[in-house]
Amino acid sequence: MHEWSIADAVIRTVEQWAEGRGRVKRIVIGVPSISFLDTDILTQAFDELKVGTSLRDANLQVKIKEQTFTCQLCGRRFTLKDVEDQVGEVRSEFGEEYPLHLIPTLSPSFIKCPSCGSRDVMVDNQDVTVEEVIMDETS
Amino acid sequence: MKPLRTLAAGKLKGKLAIAVMSSKGGVGKSVVSALLANVMSARVKTLLLDLDVHTMASAKLFGLEGRVHQVSKRGLEPFPFGDKLGVITLSGVVKDRWVLLPGANQALTMESLLAYSDMEGWDAVIFDLPPGLGDEVLVLGRVSDYLPLVVTSPSKVSVKVVEYLLKFLSETGKRPVLTVNMAYYQCQGQVVRPFGDGRALKELTERYGVPMVELPIDPELEEFVGRIQEYDGPVLEGVREITRMLER
């Protein structure tokens, strides 16, 4: 269900940006892998919410951004695959709307360094980003 | 482009936004926020949004520990208390688990909470901010033209620290209301001021031209932790005075 909020955010943001610039053909967004967003639901939400807006003719393309974690204590760099058991535990405890699905920036509170166990972990690619807006050159 | 920020600003547009803030911790911001939300909800639909992502005190005050927010197409649904009072807290996302975050994550988490809260139909939003002068103040300033309610205790050290915030707010052209929590108590008909006569506070309000409301100490209030929405003692009377000040 959270995918609807993401679609809402993207539409409001690009509508604001595109005002007076022409017609938008395609929007490419990046979403963090740890949020496990359902791209089909996200696209469906976008297609429903764009009706009646200036983005009615635009299509949405979703890119999953892989994340790199860096332990500030031992220096280990790791990926989501290295901590999939930890993420799995959180998902099974909370269900579909699990905390990192809703707010991926909470990950340092849920993920430990797989080498030293520290919670002092920095993460990149944490938020939803608009990567590209392709305009309709014929408009 | 900042999708989270745009969504948060869009949701807050046209709403009365009040930020309960202090540069000093432990002065009672969360209690004041909860009581203010309760008082205001008698007149308008009021949402309390707890932005103190580390302490999440509103969950303790309202008895929401361990409960999680439902998520709809419009975002995190507030915990309702009657028809006109709602509460949103990070505790309702992490199920009252501890939260420890690096600074950048703290700001983004606050921004996410603002963006993903369902605020549709709410007239007023009260923000319970974490203590300090940092991301919390900047994040809120990016998405809302809030009215500041600055909370202090009468202690000299608190008053001195809170002056930083008053200076900042005055520079940004905002006119706060100053609330002095735990200012006095009533004993056998006498007003007792355990932290002194409040001269430093009087000077502070004169220096910055801000109105001030004093809240009493009421030991009974402690009995209402977990059901703060039911409290109706002398502190609530002081909070009613705050709403009158904010309206001016």
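- Looking at an unreviewed UniProt entry, one finds chain B named ATPase involved in chromosome partitioning and attributed to Metallosphaera yellowstonensis MK1.

- Chain A has the name Hydrogenase maturation factor HypA in an unreviewed UniProt entry, where Metallosphaera yellowstonensis MK1 is given as its organism.
- The Function (unreviewed entry) comment attached to chain A in UniProt states, word for word, "Involved in the maturation of [NiFe] hydrogenases. Required for nickel insertion into the metal center of the hydrogenase."
- Under Sequence similarities (unreviewed entry), UniProt gives the following word-for-word description of chain A: "Belongs to the HypA/HybF family."

### Notes on the overall build of chain A
Here's step 1: The secondary structure content of chain A amounts to 5 helices and 6 strands.
Here's step 2: Seen through its principal axes, chain A has C-alpha atoms that stretch 55 × 30 × 20 Å.
Here's step 3: Of all 139 residues assigned to chain A, the portion counted as buried reaches 50%.
Here's step 4: Contacts spanning at least 24 positions in sequence make up 74% of the contacts within chain A whose residues lie at least 6 apart.
Here's step 5: Carbon and sulfur atoms make up 43% of the accessible area of chain A, which totals about 6600 Å².
Here's step 6: Taken as two groups, the 15 positive and 24 negative side-chain charges of chain A have centres that lie 4 Å from each other.

### Notes on the sheet that holds strand 2 (residues 59-65) of chain A
Residues and elements named next belong to chain A.
Here's step 1: Overall, mixed pairing links the 3 strands, which are arranged 2-1-6 in an open sheet. In this open sheet, the two strands that pair with only one neighbour each are strand 2 and strand 6 (129-135). Strand after strand, the sheet turns through a mean of 20° between neighbouring axes, direction not considered.
Here's step 2: Taken together, the 7 bridges between strand 1 (residues 24-32) and strand 2 define a ladder with parallel strand orientation. Bridge pairing in strand 2 places Ile 27 opposite Leu 60.
Here's step 3: Packed on one face of the sheet, helix 2 (residues 39-49) meets strand 1 and strand 2 and runs near 150° to strand 2.

### Observations concerning the UniProt feature "binding site: Zn(2+)" (unreviewed entry) in chain A
Residue and element names in this part refer to chain A.
Here's step 1: Within the UniProt annotation, "binding site: Zn(2+)" (unreviewed entry) is assigned to Cys 71, Cys 74, Cys 113 and Cys 116. Considering the C-alpha atoms alone, the annotated residues occupy 46 residues of sequence yet fold into one spot, their largest mutual distance being 8.6 Å.
Here's step 2: The residue Cys 71 is located in strand 3 (residues 68-71) in this model.
Here's step 3: Look past the residues within four positions of Cys 71 in its chain and what remains in contact with it is Arg 76, Phe 78, Cys 113, Cys 116, Ser 118, Asp 120 and Val 121.
Here's step 4: For Cys 113, a relative accessible area of 3% translates into the label buried.

### What to know about the nonpolar core
Here's step 1: Counting 92 residues, the largest nonpolar core has Ile 27 and Leu 106 of chain A together with Leu 90, Leu 114 and Phe 127 of chain B as the members making the most contacts within it.
Here's step 2: Considering each element in turn, this core owes the most residues, 8 residues, to helix 1 (residues 3-18) of chain A.
Here's step 3: Built from parts of two domains, this core gets at least three residues from each of domain 1 (1-66 + 125-139) and domain 2 (68-123) of chain A.
Here's step 4: Among all residues touching Leu 114 of chain B, those that are not within four sequence positions of it are Ala 8, Lys 11, Leu 12, Leu 49, Leu 51, Met 119, Phe 127, Val 139, Leu 140 and Val 143 of chain B.

### Considerations on the interface of chain B and chain A
Here's step 1: Opposite the 29 residues of chain B that make contact, chain A presents 31 residues.
Here's step 2: Put simply, chain B and chain A have 0 salt bridges between them.
Here's step 3: At the surface where chain B touches chain A, the tally comes to 5 residue pairs in polar contact (both at pLDDT 80 or more).
Here's step 4: If you list the elements that add at least two residues to the side of chain B that touches chain A, you get helix 1 (3-12), strand 3 (71-72), strand 4 (75-76), helix 4 (91-94) and helix 5 (103-115) of chain B.
Here's step 5: Across the side of chain B that touches chain A, the residue classes break down as 16 nonpolar, 7 polar and 6 charged.

Rules behind the numbers
Residues numbered from 1 in each chain as written. Chains lettered and ligands numbered in written order. Predicted model: local features only at pLDDT ≥ 70, side-chain atom pairs only at ≥ 80, totals over all residues. Heavy atoms only, no water. UniProt positions renumbered as here; feature names shortened; annotations may be inferred. Helix = DSSP H or I, 4+ residues; strand = E, 2+ residues; numbered from the N terminus. Buried < 20%, exposed > 50% of the residue type's maximum accessible area, 1.4 Å probe, protein only. Contact = heavy atoms within 4.5 Å. Areas by Shrake-Rupley, 256 points an atom, 1.4 Å probe, with all protein chains shown as cover. Lys, Arg positive; Asp, Glu negative; His and termini not counted. Charge placed at Lys NZ, Arg CZ, Asp CG, Glu CD. Pairing = 2+ DSSP bridges. Axes fitted to C-alpha atoms, helices over the stretch in contact; angles between N-to-C directions. Core = buried A, V, L, I, M, F, W, Y, C linked by side-chain atoms within 4.5 Å. Domains from an automatic or database assignment. Salt bridge = Lys/Arg side-chain N within 4 Å of Asp/Glu carboxyl O. Polar contact = N/O pair within 3.5 Å; in protein donor to acceptor, adjacent residues only side chain to side chain. Nonpolar A, V, L, I, M, F, W, Y, C, P; charged D, E, K, R; others polar.

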